[in-house]
Amino acid sequence: MKLAVVGGGSTYTPELIDGFARLRDELPVTEIALVDPNGSRLELISGMARRMLAHAGHPGRVTATSSVEEGVAGAQAVLVQLRVGGQAAREVDETLPLRCGCVGQETTGAGGLAKALRTVPVVLEIADVVRRNAPDAWIVDFTNPVGIVTRALLDAGHRAIGLCNVAIGFQRHFAELLGVPPSRVSLGHVGLNHLTWERSVHLDGQDVLPSLLASHGEGIAEAVGLRPELLRRLGAVPSYYLRYFYAHDAVVGEQRSKPSRAAEVAAMETRLLELYADPSVVTKPELLAGRGGAYYSEAAVALIASLLGDRGDVQVVNVRNDGTLPFLDPDAVVEVPAAVTAAGARPLPVAPVEPLYAGLIGHVSAYETLALEAARHGGADRVRDALLAHPLVGQDAVAEELTGLLLEANHSFLPWTVRP
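Predicted model only: the values in this text are computed from it and were never measured.

Calculation rules
Residues numbered from 1 in each chain as written. Predicted model: local features only at pLDDT ≥ 70, side-chain atom pairs only at ≥ 80, totals over all residues. Heavy atoms only, no water. Helix = DSSP H or I, 4+ residues; strand = E, 2+ residues; numbered from the N terminus. Rg over C-alpha atoms; globule rule 2.2 N^0.38 Å. Buried < 20%, exposed > 50% of the residue type's maximum accessible area, 1.4 Å probe, protein only. Contact = heavy atoms within 4.5 Å. Areas by Shrake-Rupley, 256 points an atom, 1.4 Å probe, with all protein chains shown as cover. Lys, Arg positive; Asp, Glu negative; His and termini not counted. Charge placed at Lys NZ, Arg CZ, Asp CG, Glu CD. Pairing = 2+ DSSP bridges. Arc of directions from axis to C-beta. Phe/Tyr/Trp six-rings, centres within 6.5 Å; stacked < 30°, edge-to-face > 60°. 1 Å grid on protein atoms, 1.4 Å probe; cavity = no way out; pocket = protein on both sides within 12 Å on 5 of 7 lines; lining within 4 Å. Points joined across faces, edges and corners; volume = space filled by probe spheres on them. Nonpolar A, V, L, I, M, F, W, Y, C, P; charged D, E, K, R; others polar. Right-handed = clockwise from strand over helix to strand, strands pointing away. Expected span 1.5 Å × (residues − 1). Bend = angle between axes of the 7 residues up to and from the residue.

Draft legend 1. Representation of the overall build of the protein. For the protein, the count of helices and strands is 16 helices and 13 strands. Against the 2.2 N^0.38 benchmark of 22 Å for 420 residues, the protein shows a C-alpha radius of gyration of 21 Å, consistent with a compact globule. Projecting the C-alpha coordinates of the protein onto the three principal axes gives extents of approximately 60 × 55 × 40 Å. Burial status across the protein gives 57% buried among its 420 residues. Contacts spanning at least 24 positions in sequence make up 67% of the contacts within the protein whose residues lie at least 6 apart. Carbon and sulfur atoms make up 53% of the accessible area of the protein, which amounts to about 16,700 Å² in all. For the protein, the distance from the average position of its 36 positive side-chain charges to the average position of its 48 negative side-chain charges is 2 Å.

See below:
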């Protein structure tokens, strides 16, 4: 079984390799093709990956190439995990919106839109190469903003599913609090990528979320950056990303007073690359846990194993809405539990979504539609409309100013822009 990782030079990749090594019985990989245009990073990461597999006694081989065609040829699954513009672009995504009083974040708000504009065309080009060289392969998208990128892939007719680690992170956290194996815990997870709520937590089929909030409300609230009183009143657990909406002004104040997350990650990546270059390092460094993406490898292995093995188990993924949330466009992409088989992911029925959540979901889903139009077709007016539609921007003068700033900052990535 051959898997290809586009963006294989990412410092995340050893996390993925670790999962392939530990879960070899679940996913018997024979070749992992790492694809990346950055030759020096690719050499470091592929060397680290080979040492990790050898140390674990895994028989699979690691190949490395800058050619997408070569890397994906004959693959059964292609994982896409790229960052167009690198950490430098992320730094702009996280700091530029603050100039207009808006949250600076790389996957939502103005920063998320900038990333979508840079990313969607590149991912679609890669997907076309996959279609020509591995027409039966599944494309598993980790690239943010996952919801928008996944919809772009699906709209273009690709065999694609989006994946995020938020749900598996909650599952593992709740299982730890309950003192049980994660396999006994399932989630009532609903929403859009990076805009989700856990409305139930089932232990062996029984909802234990009320007791979890009663016993561990303070710790759960701290983990998502919100007040315990809010979680108890909602009777649900919002993802960490809801903090950008529920505590917008406080977050802006915090972001203005400290270094950006991009700066922290850039420093961390420098150290990680030094570790990866050390031939004595044969397991993923502890530092990698701070890079983000917890349980990323387990989620990837489970999804690919189900797609290729027709297992029919339930996983939280990003898929077409198709009536799952009836208040959204059928073509929207939602993040919900789905049965995963060789035919793809089929969303399970979802209990009616309360207006408090449905309103925000509908609002952001409309923004995602406009953001995708801007990413696919370009145009300052489309960018402005998407910003105006986003609840983290939503004001005409702010949207106008952000449009100019965003396009100027991303000019080199957007061939349709014209410098004033």
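Here the narrative resumes, following the displayed structure.
Draft legend 2. Spotlight on the pairing of strand β7 (residues 185-192). In terms of burial, β7 is a largely internal element, 7 of the 8 residues being buried. As paired elements, β7 and strand β8 (residues 195-203) share 7 bridges and run antiparallel to each other. The partner of S186 across the bridge, within β8, is H202. Hairpin connection of β7 to β8: 2 residues between the antiparallel strands, including H194 at a positive phi of 60 degrees.

Draft legend 3. Molecular detail of helix α15 (residues 380-389). What α15 keeps buried is the set V383, A386, L387 and A389. Each buried residue of α15 lies within a common arc of 165 degrees when the element is viewed along its axis, so the set occupies one face.

Draft legend 4. Summary view of the packing of aromatic side chains. A complete count under the given rule lists 7 aromatic pairs for this structure. Between F142 and Y296, the aromatic rings sit 4.7 Å apart at their centres with planes inclined by 70 degrees, giving edge-to-face as the arrangement. Here F142 is found in the loop between β5 (138-141) and α6 (146-155), whereas its partner Y296 is found in helix α13 (residues 296-309), with 154 residues between them in sequence. Both residues of the pair, F142 and Y296, count as buried. Between Y240 and Y244, the ring centres sit 5.8 Å apart and the planes meet at 90 degrees, which makes this aromatic pair edge-to-face. Assessed through its relative accessible area of 37%, Y240 is described here as partly exposed. Residue classification places Y244 among the buried positions, given a relative accessible area of 7%.

Draft legend 5. Main features of empty space enclosed by the protein. All told, the structure shown has 3 cavities of 30 Å³ or more when counted by the stated rule. Those elements that provide at least two residues to the lining of the largest cavity are α6 and α14 (355-377). Its residues assigned to classes, the lining of the largest cavity shows 7 nonpolar, 6 polar and 1 charged. Computed from the structure, the second largest cavity encloses a volume of approximately 40 Å³. Taken together, V92, D93, L96, P97, A110, G111, A114, L406 and N410 form the lining of the second largest cavity. For the lining of the second largest cavity, the elements supplying multiple residues, two or more each, are α4 (86-95) and α5 (109-133). Of the residues forming the lining of the second largest cavity, the biggest block, 3 residues, is contributed by α5.

Draft legend 6. Structural context of the pairing of strand β3 (residues 61-65). As defined by bridge partners, strand β2 (residues 31-35) adjoins β3 across 5 bridges and the pair is classed as parallel. Residue pairing for β3: E31 is matched across the bridge by R61. Remark: the β2/helix α2 (residues 39-56)/β3 crossover connection has right-handed handedness.

Draft legend 7. Representation of helix α8 (residues 209-224) within the structure. Across its 16 residues, α8 extends only 15 Å between first and last C-alpha, which sits more than 12% below the 22 Å expected from 1.5 Å per residue. H216 marks where α8 bends most, by close to 90 degrees. Buried within α8 we find L209, L212, L213, G217, I220, A221 and V224. Looking at the buried residues of α8, the elements they touch are α7 (166-178), β8, β9 (206-207), α9 (228-234), β10 (237-238) and α10 (243-246). Looking at the residues trailing α8, positive phi occurs at G225, about 75 degrees.

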